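Architecture and fold: a report
So you can see what is in the structure, the chains are spelled out below.
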Amino acid sequence: METLILLAVLSFLGLTALAILRLRDGVTAVMLAGLYSLLSAGVFVLMDAVDVAFTEAAVGAGISTVLLLATLHRTSRMTHRPTHTPLIPLIVVMVTGAALVYGTLDMPAYGDPQAPIHQHVGPDYLRDGPNTTGVPNVVTAVLASYRGYDTLGETTVVLTAAIGVLALLRGRRQGKERS
Amino acid sequence: MDAQVILRVTARLLAPAIWLFALYVQFHGDFGPGGGFQAGVLFAVGFILYALVEGLAAAETLIPAPVSEAMMALGVLIYAGVGFTGMAMGGNFLDYNVLAHDPHHGQHLGILLVELGVGITVAGVMIQIFSAFARESP
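Residues numbered from 1 in each chain as written. Chains lettered and ligands numbered in written order. Predicted model: local features only at pLDDT ≥ 70, side-chain atom pairs only at ≥ 80, totals over all residues. Heavy atoms only, no water.

Some words on the overall build of chain B
Heads up, the condition is: In DSSP terms, a helix is any run of H or I states spanning at least four residues, a strand is any run of E spanning at least two, and both are numbered starting from the N terminus. Relative accessibility decides the category of a residue: with a 1.4 Å probe and only protein chains considered, values under 20% of the type maximum give buried, values over 50% give exposed, and everything between is partly exposed. Contacts are residue-level and defined by heavy atoms, with any inter-residue pair within 4.5 Å sufficient.
Secondary structure summary: chain B contains 5 helices and 0 strands in total. Mapped in sequence order, the helices and strands of chain B form the string α-α-α-α-α. Taken along the three principal axes of its C-alpha coordinates, chain B extends 65 × 30 × 20 Å. Expressed as a percentage of its 138 residues, the buried residues of chain B come to 49%. Long-range pairs, those at least 24 residues apart, make up 61% of the contacts in chain B between residues at least 6 apart in sequence.

Following this line, the structure appears as structure tokens:
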């Protein structure tokens, strides 16, 4: 049953991606991209990754859609028909995609307990996490306690990225006022 | 009669609920899905929804621009501050065990505070970026 739902959601993902490709109207494309994110969140829930699904739904379907719409509002709504032939980009994408699919052939099966990722520190976290940290949600224990350095780095990256974006947007406004 | 009355009333009803849910996700992250990052985004979404229907100026009477700008840095400061406090109390950087008399309490306190730091930074960043776009709009 779960596999059936997963297949249905995955085919919706494919259909949404194809629909986005055919669109020339930016606003509709952004809306469909939001839908794509929401469907991905559904896939993550089916794979028992609720924390990731939560982030995908909030950031991908929520904030990104708003920010992309704001960007479209500032630029132009319709995309122009490409002047060059799409043959070379198509070949590049096909080759890259084939290489990636070929790469997945070597990966362990989904959920395989013998996979290297489940043999390293993962079992220790799952076994000792609740006792060492006293926090029932292992994801939170790993993010905030075991991997506290990484999360501090990520938060700093968010701040640095925002400083960059804001510097660009504000610089533009001041330039406009001067001219 | 305002043509957007349904939109405005719905948004006004939803915004406080979104903020409340953001706080729940923030402080319940130890037990359920969620944490600082998701909570920060949700908090910013409440602000953005309010700004979309009432205008940026009305939303900025709730959270003035200098406040959300300071929030961006404040969160990272709280996070790193927790790390240095651990060092000052005799542990390693970001060692929460020494923060309280009992290692479990220390872990709880440390995780709560660093998640709060993440939430404050993310909320500030999202609000600031949205505001920059909204203010730019012709």
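Details of the confidence of the model for chain B
Residues and elements named next belong to chain B. This is how the line gets drawn: A residue's pLDDT is simply how confident the predictor is in it, with values from 0 to 100.
The predicted model of chain B has a mean per-residue pLDDT of 87, with 96% of residues at 70 or higher. Mean pLDDT across the secondary structure elements of chain B bottoms out at helix α5 (residues 103-136), with 89, and peaks at helix α4 (residues 65-88), with 92. Note on the complex model: pTM 0.85, ipTM 0.87.

Digging into the packing of helix α5 (residues 122-133) of chain A against helix α6 (residues 138-146) of chain A
Residue and element names in this part refer to chain A. To keep things clear, this is the line we draw: Interaxial angle, 0 to 180 degrees, is taken between N-to-C directions of lines fitted to C-alpha atoms, where a helix line uses only the stretch in contact. Any angle that is under 35 degrees is reported as roughly parallel, and any over 145 degrees as roughly antiparallel; angles of 65 to 115 degrees are reported as roughly perpendicular and all others as oblique. Each residue receives one of three labels: charged for Asp, Glu, Lys and Arg, nonpolar for Ala, Val, Leu, Ile, Met, Phe, Trp, Tyr, Cys and Pro, and polar for the others, Gly being one of them.
Running from amino to carboxyl end, α5 crosses α6 at an angle of 70°, the nearest separation of the two axes being 10 Å. One way to sum up the angle between α5 and α6 is to call them roughly perpendicular. Here Tyr-125, Leu-126, Asp-128, Gly-129, Thr-132 and Thr-133 of α5 lie close against α6, whose contacting residues are Val-138, Ala-141, Val-142, Ser-145 and Tyr-146. Within the contact of α5 with α6, the residues separate by chemical class into 6 nonpolar, 4 polar and 1 charged.

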